[in-house]
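Here are the chains, one letter per residue:
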Amino acid sequence: MPTKVLIVDYSWSGSTAKMATALQRVTGATRVTLTVPAGTFPNDMYATSDVANQQLASGDLPKLTNALPDLTLFDTILVGGPVWSAKVATPVRSFLRQLTNFTGTVAPFYTDAGTPGGYEADFAGLIPQANVVAGIGMTAGDLATADQQLPAWWANFK
Ligand SMILES: Cc1cc2nc3c(=O)[nH]c(=O)nc-3n(C[C@H](O)[C@H](O)[C@H](O)COP(=O)(O)O)c2cc1C
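Analysis parameters
Residues numbered from 1 in each chain as written. Predicted model: local features only at pLDDT ≥ 70, side-chain atom pairs only at ≥ 80, totals over all residues. Helix = DSSP H or I, 4+ residues; strand = E, 2+ residues; numbered from the N terminus. Buried ≥ 20, exposed ≤ 12 C-beta atoms within 10 Å, placed from the backbone. Contact = placed C-beta atoms within 7 Å. Near = placed C-beta within 6 Å. Nonpolar A, V, L, I, M, F, W, Y, C, P; charged D, E, K, R; others polar.

K.L.:
How would you sum up the overall build of the protein chain? Please name residues and give values.
P.N.:
Each helix and strand in the protein chain was counted, giving five helices and seven strands. Going from N to C terminus, the protein chain has its helices and strands arranged as β-α-β-α-β-β-α-β-α-β-β-α. Relative to its full complement of 158 residues, the protein chain shows a buried share of 35%. Excluding contacts between residues fewer than 6 apart, the proportion of contacts in the protein chain whose partners are at least 24 apart in sequence is 81%.

So, in structure tokens, the structure goes:
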């Protein structure tokens, strides 16, 4: 069982935050929630998708406004976010840029509307130096049973 575990999560509309809360209950890990400046994303999903696509095209990812702990203190980081166009959401990409020297274990957890596509491959490709292990995805409908489903995934880390 890893001893120094950090949960990092970003949520645009609340679902991944719920999953992160359940994961916190299951793991007892320290948690950091990623935030971006107010107004970075519109309230509309399609307009948000347009903004995110512009950020991806320009490489100008959103700034994170939360404090981050010293990441070298952790051996395992569980990184949560929503699936955006079958890819890692741009605020989570901003965080992964902080992990370019991290060689510990990193696992993605994510929520989606049923079509995560190549999310995990996209995630792993952003931090090739890390030990990226198989993640877990849930839809909003799965969240009611997150407390039952997450322990089996977490057991893989033992
Ligand atoms: C910009 C954007 C793009 C999305 N793209 C996908 C997608 O490719 N596949 C999918 O299944 N759901 C997609 N969704 C739905 C979200 O992944 C899903 O609602 C997720 O649970 C939201 O998590 P959150 O509440 O933590 O933001 C998208 C949502 C947004 C806002």
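There's more to say after this.
K.L.:
Let's hear about the environment of F123: which residues, and what values?
P.N.:
Here F123 is to be found in helix α4 (residues 119-126). In the structure, F123 is positioned 15 residues away from P108 in sequence and 7.3 Å away in space, judged by C-alpha atoms. Apart from the residues within four sequence positions on either side, F123 is in contact with V88, P108 and V132.

K.L.:
Describe the site of the ligand, with residues and values.
P.N.:
Every one of the 22 residues lining the ligand counts as a neighbour, but S11, S15, T16, P82 and T111 are closest to it. Breaking the shell around the ligand down by element, the ones donating at least two residues are α1 (15-27), α2 (45-58), β3 (76-84) and β5 (105-112). A total of four residues in the shell around the ligand trace back to one element, the largest contributor, which is α2. Class assignment of the residues belonging to the shell around the ligand gives a composition of 10 nonpolar, 11 polar and one charged.

K.L.:
Any details on the environment of D122? Residues and values, ideally.
P.N.:
Tracing the sequence through the fold places D122 in helix α4. Measuring from C-alpha to C-alpha, the distance between D122 and A144 comes to 27 Å, with 22 residues separating the pair along the chain. Sequence-distant contacts of D122, that is, excluding residues within four places in its chain, are made with K87 and V88.

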